[in-house]
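Overview (structure and organization)
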Amino acid sequence: MNRNLKHIWAGLLGAAALLPFACGAEPSAWPVGLHAAAKVAHAGQAGMLATAWAGKRIVAVGAHGVVLLSDDQGKQWRQAGKVPLDVTLTSVSFANDKEGWAVGHAGVVLHTSNGGEEWSVQRSQPEQDRPLFAVHFFDAQHGVAVGLWSLVLTTTDGGRHWTTRELEAPPGARRADLNLLGLFAGQGGALYAAAEKGYVLHSADQGLSWNYLPTGYKGSFWAGTALRDGGLLVGGLRGALYRSGDAGQSWTRVATGSTASITSVVRTGSGHDVLAVGQDGLVLRSADDGASVQGSYRTDRLPLSAALPLAGNTPPMMSARGPAPADQH
């Protein structure tokens, strides 16, 4: 696996939790827990990797199968009542206020039909542990999950069955083996995947087929968002932030003034405001659809892993130590 990818995982959740990455172990050698996630008093301090809306509820997922729920805009959090596996969960998506899916290590797909209170296993492949890094559902039936080595899965029945989609190799490569690290939806049903080697992948048919959009960057992108004007904004390693105003046909690097890796890029409202967060407590804000950004760092330098989309100018943020508290300047 890409060396920088290992370092980001270690930074997000701590070296102890992700020691196999740091040691370069093959996926089949990674220790995979297949026990139910424990209900613990310190769940609110678990490393969290992703967050999403379930109606008016906020759902966050992360290390050891911890799922956190908030019904008051992120002021208070509680652990979900039942999560059947204690593997790291990397992404979460809801089609409505009840139906949701989370993916993660061991190739797991978990499903909830009650807004994240209880979860069941729809897919698990511990013998391979080919992690899934991102999931997106267009509605309660149609979804896409992506992961290690160009793994793409699609479903048309709410996750009861998943079909593997084979990707063509990127231009100039012999095989499709990129790590697909993030998913975000665009206009007209478009879906985009943030990937390694400076690629963004685009699908116009709900994940059945994909084309590569080279940005000119050589490192990994971790996250992205579709902009109000139809443009795209993606962020990744060493503060890389790239913007396209023509659906990915051409790209411009946006100056961030930082080398801290960007882990999440979201729109914060219905206007032109965009937020990106990352390692070392990096916070990047834009009021012009990502054409320019103003950067700052949290005073506690808490490694940030995700921000809640469309949640206003001060959205809840996730970190290596749980939901991030309001920063005190």
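Here goes a summary of the coordinates provided. All residue numbers refer to positions counted from 1 along the written sequence of the respective chain. Restriction of local features to residues with pLDDT of at least 70 applies here, the model being predicted, together with a cutoff of 80 or more for giving and counting side-chain atom pairs; totals for whole chains, interfaces and linings are based on all residues. Note that the side-chain values use all heavy atoms of the structure and ignore hydrogens as well as water.

Here the focus is the sheet that holds strand E6 (residues 100–104). On the basis of which strands lie adjacent, the open sheet formed by four strands has the order E5-E6-E7-E8 and antiparallel pairing. What marks the edges here is a single partner per strand, and that holds for strand E5 (89–94) and strand E8 (120–123). Sheet twist, expressed as the mean angle between neighbouring strand axes with direction ignored, is 30°. When DSSP finds two or more bridges between two strands, those strands count as paired. Under the scheme used here, helices are H or I runs from DSSP no shorter than 4 residues and strands are E runs no shorter than 2 residues, and both carry numbers assigned from the N terminus. Bridge count for E6 against strand E7 (residues 109–112) is four bridges, and the pairing is antiparallel. Bridge pairing in E7 links Val-103 to Val-109. Geometry is summarised by axes, namely lines fitted to C-alpha atoms with helices restricted to the contacting stretch, and by angles between N-to-C directions that run from 0 to 180 degrees.

Moving on, we get to the nonpolar core. Throughout this description, the term nonpolar core refers to a set of buried Ala, Val, Leu, Ile, Met, Phe, Trp, Tyr and Cys residues connected via side-chain atoms within 4.5 Å. Relative accessibility decides the category of a residue: with a 1.4 Å probe and only protein chains considered, values under 20% of the type maximum give buried, values over 50% give exposed, and everything between is partly exposed. Counting residues in each nonpolar core, the largest one holds 20 residues, and the members touching the most others are Val-59, Val-61, Val-67, Val-83, Leu-89, Val-92 and Trp-119. Counting only elements with at least two residues in this core, the list comes to strand E1 (48–54), strand E2 (57–62), strand E3 (67–70) and E5. Excluding anything up to four places from it in sequence, Val-92 contacts Ala-50, Thr-51, Ala-52, Val-59, Val-61, Trp-101, Ala-102, Trp-119 and Val-135. Formed by 19 residues, the second largest nonpolar core is a distinct cluster that contains Phe-133, Leu-148, Leu-181 and Val-234. Note on contacts: a residue pair qualifies if any of its non-hydrogen atoms lie within 4.5 Å across the two residues.

Pairing is antiparallel across the open sheet formed by four strands, whose spatial order is E17-E18-E19-E20. Each edge of the open sheet is held by one strand with a lone partner, namely strand E17 (221–226) and strand E20 (252–253).

This part takes up the pairing of strand E14 (residues 191–195). The element E14 is extensively covered by neighbouring structure, given that five of its five residues are classed as buried. Here E14 shows no split at all, with Leu-191, Ala-193 and Ala-195 on one side and Tyr-192 and Ala-194 on the other all buried. Sheet topology places strand E13 (residues 180–185) next to E14; five bridges connect them, and they run antiparallel. Bridging from a neighbouring strand, Gly-182 pairs with Ala-194 of E14. Taking the residues between adjacent antiparallel strands as the criterion, E13 and E14 are bridged by five residues, where Gly-188 takes a positive phi near 65°. Where E14 and strand E15 (residues 199–203) come together, four bridges link them in antiparallel fashion. Along E15, the bridge assignment pairs Ala-194 with Val-200. With antiparallel pairing between neighbouring strands as the criterion, E14 and E15 make up a hairpin whose turn holds three residues, including Lys-197 at a positive phi of roughly 55°.

A few words on the pattern of salt bridges. Each reported salt bridge corresponds to a side-chain nitrogen of Lys or Arg within 4 Å of a carboxyl oxygen of Asp or Glu. Under the criterion given, the structure shown has seven salt bridges. Residues Arg-175 and Asp-177 are paired through a salt bridge, measuring 3.3 Å at the closest nitrogen-oxygen approach. Of the charged contacts, one joins Arg-243 and Asp-229 as a salt bridge, the two residues approaching to 2.8 Å between their closest N and O atoms. Of the two residues, Arg-243 is situated in strand E19 (residues 241–244) and Asp-229 in the loop between E17 and strand E18 (232–236); the sequence distance between them amounts to 14 residues. With a relative accessible area of 44%, Asp-229 lands in the partly exposed category. One continuous salt-bridge network, built from bridges that share partners, spans Arg-57, Asp-71, Arg-78 and Glu-117.

Turning our attention to the pairing of E1. Successive residues of a regular strand alternate their side chains across the two faces of the sheet. For E1, the buried fraction is high: six of the seven residues fall into the buried class. As defined by bridge partners, E1 adjoins E2 across six bridges and the pair is classed as antiparallel. The residue bridging Ala-54 from the neighbouring strand is Arg-57, located in E2.

Attention shifts here to the environment of Asp-229. Each C-alpha atom, one on Asp-229 and one on Asp-289, is 7.8 Å from the other, the two residues being 60 residues apart in sequence. In this view, Asp-229 contacts Gln-187, Arg-243 and Asp-289; residues no more than four positions away in its chain are not counted. For Asp-229, the side chain forms a polar contact with the main-chain nitrogen of Gly-231, separated by 2.9 Å. Definition of a polar contact: a pair of N or O atoms within 3.5 Å, with one able to donate and the other able to accept a hydrogen when the atoms are protein atoms, and with sequence-neighbouring residues admitted only if both atoms are side-chain atoms.

With that settled, the discussion passes to the side chain of Ser-258. Looking at where Ser-258 falls in the secondary structure, it is placed in the loop between E20 and strand E21 (262–267). A polar atom in the side chain of Ser-258 sits 3.0 Å from the backbone nitrogen of Ala-260. When neighbours within four sequence positions are excluded, Ser-258 is seen to be in contact with Arg-238, Gly-239, Leu-282 and Tyr-297.

Positive phi outside glycine occurs at His-64, with the angle close to 60°. Summarising the element assignment, His-64 is placed in the loop between E2 and E3. Although it is not a glycine, Lys-197 adopts a positive phi angle of roughly 55°. Mapping Lys-197 onto the fold places it in the loop between E14 and E15.

This brings us to the side chain of His-111. With respect to the secondary-structure elements, His-111 resides in strand E7. Polar side-chain contacts of His-111 include one of 2.6 Å to the side chain of Glu-99. Residues contacting His-111, with those up to four places away along its chain left out, are Glu-99, Gly-100, Trp-101, Glu-118, Trp-119, Ser-120 and Gln-122.

Any functional reading would require information beyond the geometric quantities listed.
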